[in-house]
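Listed below are the residues making up each chain.
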Amino acid sequence: MSFKSVIDRVEKKLQIWKPKNLSCAAKSTLIHTSSTTVPMYQMNCFRIPVEVSNKIDNIQRDFFWGKDVSVIRGIYPKAWGKVCIPKELGVMGFLNLRSFNSAMLAKINWRLVQDPDAMLAQVMKNKYYPEHSLLNNEIVCHATSSWGWKNINKEMPKIRYNSTWVVGNGKTIRIWEDWWCIEIAGNPKPLNEQSMSVTYVAELMECIGDRWK
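Bear in mind the structure is a predicted one, so any value in this text is a computation, not a measurement.

(A) Just the overall build of the protein, in detail. Helices and strands together make up the secondary structure of the protein, namely 9 helices and 0 strands. Listing every helix and strand of the protein by position from the N terminus yields α-α-α-α-α-α-α-α-α. Relative to the 2.2 N^0.38 estimate, which gives 17 Å for 213 residues, the radius of gyration of the protein is 24 Å and therefore markedly larger than a compact globule would have. Pairs at least 24 residues apart make up 55% of the contacts formed inside the protein by residues separated by at least 6 positions. Accessible surface computed for the protein: about 13900 Å², of which carbon and sulfur atoms make up 57%.

(B) A look at the packing of helix α6 (residues 97–114) against helix α8 (residues 147–154). Contact geometry of α6 with α8 gives a least axis separation of 8 Å together with a crossing angle of 90°. Taken together, the axes of α6 and α8 are roughly perpendicular relative to one another. Seen from α6, the contacting residues are Leu105, Ile108, Asn109 and Leu112; seen from α8, they are Trp149, Asn151 and Ile152.

(C) Inspection of helix α7 (residues 119–128) at higher detail. Taken together, the buried positions of α7 are occupied by Ala121, Met124 and Tyr128. Down the axis, α7 shows its buried residues gathered within 70° of arc, on one side only. Facing away from the buried side of α7 by over 90 degrees, the exposed positions are Met119, Asn126 and Lys127.

Conventions adopted
Residues numbered from 1 in each chain as written. Predicted model: local features only at pLDDT ≥ 70, side-chain atom pairs only at ≥ 80, totals over all residues. Heavy atoms only, no water. Helix = DSSP H or I, 4+ residues; strand = E, 2+ residues; numbered from the N terminus. Rg over C-alpha atoms; globule rule 2.2 N^0.38 Å. Contact = heavy atoms within 4.5 Å. Areas by Shrake-Rupley, 256 points an atom, 1.4 Å probe, with all protein chains shown as cover. Axes fitted to C-alpha atoms, helices over the stretch in contact; angles between N-to-C directions. Parallel < 35°, antiparallel > 145°, perpendicular 65-115°, else oblique. Buried < 20%, exposed > 50% of the residue type's maximum accessible area, 1.4 Å probe, protein only. Arc of directions from axis to C-beta.

Written as structure tokens, this is what we have:
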């Protein structure tokens, strides 16, 4: 997929303005608008290449510091990464494209987990993980998997390692692989080989009620 059109649109959106004639607040508003609206669709579906995010950052940086287009190297009083620190910490709070892109893809994963009956979730499950839960570690991307799914799946560890199961009937929660017991760090460890014969949390519960055996 080509992202050249995204770069061109961001550049065109800022080029029509002369930064030397704008206040710091005006330039900040224009940069916030260009970075949150132009590449939004692509970042919501795909992981944009590092080269693309760096190019967009360079365009915004040159605009904010008023770099003269006739010179190769500009003067930048502060590194762009520091300028992107949130406003709550006293800086400009410009969007970090790579972090935002990662968050948008992780959000899709969370939607697939939270709403398994949605059409997107059903299509993804039938095609890529028909016999597993999305939170299982066994799900892998094959060479034939779509580029969109590969990008989405790369952000799944953020959901997997920062969430825990809420135990209901325990029929789909694996004792030794899933994180369901928040009182201990990580997954439970079997005491012996006999313990490994028990697979799901439901096997540790009474058939009637939600009491533990």
